[in-house]
Amino acid sequence: MFSYGFEKHSSCSLTLLFFNCFKELTNKCCPVENYKMDPELQDILKDFPPGPLSEYRKNASFNWKDMCLLIQGKDALILKHKIWSTLEKDPAFAHCATKPTLKENRLLTLQRAQKLAEYNFMPAKNLLQKPEMLDSVVMAIGQLDWSSIVKLQLLYNFVISALYGMGTERHFKEIQRLMRREIGACFCLTEIGHGTNTKAMRTTAKFDVKTQEFVFHTPDFQAAKCWAGNLGETATHAVVFATLYTPDGENHGLHAFFIQIRDTKTFENLPGVSIGDMGEKLGLNGVDNGVMLFDQFRVPRAALLNRTGDVSESGLYVSPFKDKKKRLGASLGTLSAGRVGIASMATANLIKAITVGIRYSAVRRQFGPEDSNVELPVLEYQLQQWRLFPYLGAAYVLINFTRTFRKDFIDMQMAMMNKEDPDRLASVGAEVHAISSFAKPLSSWLAQQGVQECREACGGHGYLAVSGLGSVREDNDANCTYEGDNNVLLQQSANWLLNLWSLVQRRQSVAPYTPLGSAIYLDSAESILKSKCKLDAPQQWFEPQALLDAYQFAVCHLLRSTANRMQQLMDQKMDAFTAKNQAQAYHYRPLSIAYGETLFLMRMMRLLNDPNIPEQLRAVLKSLTALFGATNLMKHLSALTQGGYFQSNTSAALQTVIEQLCEKLKPDAIALIDAVAPSDFALNSALGHSDGQVYRHLEEHMASSMKTRPDWWQQVLLPPKKTSHL
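Calculation notes
Residues numbered from 1 in each chain as written. Predicted model: local features only at pLDDT ≥ 70, side-chain atom pairs only at ≥ 80, totals over all residues. Heavy atoms only, no water. Helix = DSSP H or I, 4+ residues; strand = E, 2+ residues; numbered from the N terminus. Rg over C-alpha atoms; globule rule 2.2 N^0.38 Å. Areas by Shrake-Rupley, 256 points an atom, 1.4 Å probe, with all protein chains shown as cover. Contact = heavy atoms within 4.5 Å. Buried < 20%, exposed > 50% of the residue type's maximum accessible area, 1.4 Å probe, protein only. Axes fitted to C-alpha atoms, helices over the stretch in contact; angles between N-to-C directions. Parallel < 35°, antiparallel > 145°, perpendicular 65-115°, else oblique. Left-handed = near helix turned anticlockwise from the far one by under 90°. Nonpolar A, V, L, I, M, F, W, Y, C, P; charged D, E, K, R; others polar. Pairing = 2+ DSSP bridges. 1 Å grid on protein atoms, 1.4 Å probe; cavity = no way out; pocket = protein on both sides within 12 Å on 5 of 7 lines; lining within 4 Å. Points joined across faces, edges and corners; volume = space filled by probe spheres on them. Phe/Tyr/Trp six-rings, centres within 6.5 Å; stacked < 30°, edge-to-face > 60°. Lys NZ or Arg CZ within 6 Å of the ring centre and 35° of its normal. Expected span 1.5 Å × (residues − 1). Core = buried A, V, L, I, M, F, W, Y, C linked by side-chain atoms within 4.5 Å. pLDDT = per-residue confidence, 0-100. Polar contact = N/O pair within 3.5 Å; in protein donor to acceptor, adjacent residues only side chain to side chain. Salt bridge = Lys/Arg side-chain N within 4 Å of Asp/Glu carboxyl O.

### Digging into the overall build of the protein chain
- Helix and strand content of the protein chain: 27 helices and 11 strands.
- Expected size for 726 residues packed as a compact globule is a radius of gyration near 27 Å; at 27 Å, the protein chain falls within 12% of this value.
- Counting only C-alpha atoms and orienting by the principal axes, one finds that the protein chain spans roughly 90 × 75 × 75 Å.
- Approximately 32,100 Å² of the protein chain is accessible, and the part contributed by carbon and sulfur atoms is 52%.

Right, here's the structure in full:
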């Protein structure tokens, strides 16, 4: 994505340099800085001008600037605002007054991507020292224009990450070419006929001992690679997944290769490669998604990304993993990179939408007490709070989760590069895969539902393009599908949990198989399943730990009931595939969702228990976490009741808790938004501007149309010519 300047390093020193830097990344939240003493922060954390939002800001229980620094961190905050202020001055990033055509959009996106590379917002030395800042860059640019950053990420960073994770020293020259932007690449996994079912991919790569080459072939159009961003019109190279065959005819499963697909001088397709464009989409139309077929296309043996498996010159397949499942587990962990990124993208979209929804709700006034002439802001109404505040809580929960999960993924990449214990690495890879398989669905759904709720909560004005909500909805929608269909992905998490449950049933510890601790509580499943909820006062549910206890019971109960259901079906002579198909809707799916939401709360508890957090901030974060947990726990009432954990009146207590938490958070809602909101330039919303001047911004937007008549005005006044139908 950027001009890295790594060319001077040898491949070995490059590896150590790149990955040792990640040791500095921690799970701890950033300490609150003294912004009054820092000129850079003073310029960013300015007081808002007096306006319609002033009353809410004045009534907040905490200082929004302290929360901003705690949640975002000083370095990330400075970097984001540097990006926004720089791009705001660049004409290439000016907001389009009208929707561009597909061709115009593609060209504009390419020009913006090239500009971003020139700006080099993340120089090599900064990237090495603070790799977590890359997420801040992506989110900052994405909240302005997702197409340009997605295009750039896919051209360089995503492929570089894949080569580091799946390649070896022989691929460092290609990494350096990508870093110098001499070439651009795409990531080709999905095929026309198969997406989530990677095992059924039909593109083949057969090794030819005589020529020391792999021969790629696409048997028919259904096996064509598709949906790869930048493949349609931009990439010269590609990471391509194909089923590897050795000369003896043995199928060794799906493997990744880094190959050239276009001539770097003429940009023509290489002989044996056919590439096309997939056309216009519902959103992200600045990105050119393509389709590609191979006809006996030959690539060098070294093209194989050989960290988990290789083919010798004699055609012998070798792998450090004796167990094919463990090899697949390590590979699946590497393939989780896209899902990790999507979770962050969805979080950025939810932040943008909830900013518009809550700020507008604090300004928009409707109705009031009968004995008063004063209308109330719609934010004062319980129903509006109930609709929006859980998504405000979700935004904070996801910010924390995506930051900590990014560290998990980086640590796994480090371990792979350092060639640590293959067995432990396989366990980490499998757990990362399980976590990413719920993280992508839950985060993208939360954003999708949150954007739609905000759109509706803003009434008719929310349907205007100038609200900014339409473009967020269109661009986020893809997050629910690419890198795996959400509902299908959730089954991956459930499969992993069921494997752990088999250990529980044999009274073996799950600890070696959940090194990240996401399911460590299954070691206490027996005692958890015997426990009962003893809380009878709504205020007791204000404690997130109480919600976490209920969630862990729900996971254990759903896991036990899913395993029992599968056994019942198989006892009826069903095969495993058919039995699983009969248990998807009410067992596998809710199990994975409960597991994911439990981990969200576990990671928030880690944050809340950090002794460095000021008590004022801890208190409001606690309320946000409790609201998120209580709202989502309502979806699992049947499991909690059927399992005997909840009493008949517990759900009513939870409803009361949600109402009380909404009322409690109302004075803090605007300050909580101010702490995470993007700049007004990046937000680009007449309804969500930080000054709260909604009606002035709407008037400015519509004023130009009041002075002109349409070009086709004569069509309105002149009657249509009579035509004969004879």
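Next comes the rest of the write-up.
### Details of the side chain of N105
- Within the secondary structure, N105 is located in helix α6 (residues 102-119).
- Contacts of N105, omitting those with residues within four sequence positions, involve P100, N285 and G286.

### What to know about unusual backbone geometry
- The backbone of L284 sits at a positive phi, close to 50°, despite the residue not being glycine.
- Residue position: L284 is located in the loop between β7 (273-277) and β8 (289-294).
- The backbone of E483 shows a phi angle near 65°, a positive value even though the residue is not glycine.
- Note on placement: E483 falls in the loop between α15 (469-477) and α16 (486-505).
- On the basis of relative accessibility, which here comes to 26%, the residue E483 falls in the partly exposed class.

### Remarks on the packing of helix α13 (residues 382-417) against helix α14 (residues 422-457)
- Their axes nearest at 9 Å, the elements α13 and α14 cross at an angle of 155°. If you check the angle between α13 and α14, you find them roughly antiparallel. Once α13 is placed against α14, the crossing between them reads as left-handed.
- Residues belonging to the contact of α13 with α14 are distributed by class as follows: 19 nonpolar, six polar and three charged.

### Considering the sheet that holds β8
- Taken in spatial order, the three strands make up an open sheet running β4-β8-β7, and their pairing is antiparallel. Of all the strands in the sheet, just β4 (225-229) and β7 have a single pairing partner and so form its edges. Ignoring strand direction, the axes of neighbouring strands in this sheet form an average angle of 30°.
- Pairing analysis gives four bridges linking β4 to β8, with the strands arranged antiparallel. Looking across to β8, one finds that A228 is bridged to G290.

### What about the layout of surface pockets?
- If you add up the space inside the second largest pocket, you get close to 1,400 Å³.
- What lines the second largest pocket is a set of 47 residues, among which H95, C96, A465, S471 and N684 lie closest to the centre.
- Broken down by secondary-structure element, the contributors of at least two residues to the lining of the second largest pocket are α6, α9 (146-166), α12 (337-363), α15, α25 (680-683) and α26 (694-703).
- Grouping the amino acids of the lining of the second largest pocket by side-chain chemistry returns 18 nonpolar, 20 polar and nine charged.

### Re the packing of helix α4 (residues 64-72) against helix α21 (residues 615-633)
- Two elements in contact, α4 and α21, have axes whose closest approach is 10 Å; the angle formed by their N-to-C orientations is 70°. Here α4 lies roughly perpendicular to α21, going by the angle between them. Contact residues: α4 offers D66, M67, L70 and I71, while α21 offers L617, V620 and L621.
- For the contact of α4 with α21, a count of residues per class yields six nonpolar, no polar and one charged.

### Remarks on the packing of aromatic side chains
- One pass over the structure, following the stated rule, counts 20 aromatic pairs.
- A ring pair is formed by F158 and F187, whose centres lie 4.8 Å apart and whose planes are at 75°; its orientation type is edge-to-face. Residue F158 is located in helix α9, and its partner F187 is located in strand β1 (residues 185-188); the two are separated by 29 residues in the primary sequence. Both residues of the pair, F158 and F187, belong to the buried class.
- Linked through ring pairs, F401, F405, F438, W496, Y595, F600 and F628 together constitute an aromatic cluster.
- The residue whose ring lies beneath R57 is F48, and the NZ or CZ to ring-centre distance is 3.7 Å.
- In this arrangement the basic side chain of K206 is found over the ring face of Y245, its NZ or CZ atom lying 5.7 Å from the centre.

### Some remarks on helix α5 (residues 74-88)
- With 15 residues, α5 should cover 21 Å at 1.5 Å per step; its first-to-last C-alpha distance of 21 Å lies within 8% of that length.
- Among all positions of α5, only A76, L77, I78, L79, K80, I83, W84 and L87 are buried.
- In this structure, the buried side of α5 is in contact with α2 (39-44), α4, α6, α8 (133-142) and α25.

### Considering the nonpolar core
- Judged by nonpolar contacts, the single largest core of 198 residues is most densely connected at M67, Y396, F438, L522, W541, Y595 and F646.
- A per-element tally of this core places α13 first, with 17 residues.
- In contact with W541, not counting residues within four places along its chain, are C533, L535, A546, L547, A550, A626, L633, F646, T650, A653, L654 and V657.
- Counting residues in each nonpolar core, the second largest holds 27 residues, with A205, F207, A238 and V311 among its members.

### Observations concerning the environment of Y360
- Mapped onto the elements, Y360 comes out in helix α12.
- Residues Y360 and D668, spaced 308 residues apart in sequence, show a C-alpha to C-alpha distance of 15 Å.
- Ignoring sequence-local partners within four residues, the contact set of Y360 consists of C458, H461, L687 and V694.

### Here we look at the confidence of the model for the protein chain
- Counting all residues, the mean pLDDT for the protein chain is 90, and 92% of those residues have values of 70 or more.
- Predicted confidence for residues 1-31 stays below pLDDT 50, and this span has 83 contacts to residues more than four positions away or in other chains.

### Things to note about the side chain of N479
- Here N479 shows up in the loop between α15 and α16.
- Since its relative accessible area comes to 0%, N479 is described here as buried.
- Of note is the side chain of N479, whose polar atom sits 2.8 Å from the side chain of Y482.
- N479 has contacts with I342, M345, A346, N349, K440, S444 and N486, leaving out every residue within four places of it along the chain.

### Quick notes on the pattern of salt bridges
- Under the counting rule described, the total for this entry stands at 33 salt bridges.
- Among the salt bridges present, the one from R180 reaches E182, with a minimum N-O distance of 2.6 Å.
- Put simply, D674 and R359 hold a salt bridge, and the shortest N to O gap is 2.9 Å. One end of the pair, D674, is in helix α24 (residues 669-676); the other, R359, is in helix α12, with 315 residues separating them in the sequence.

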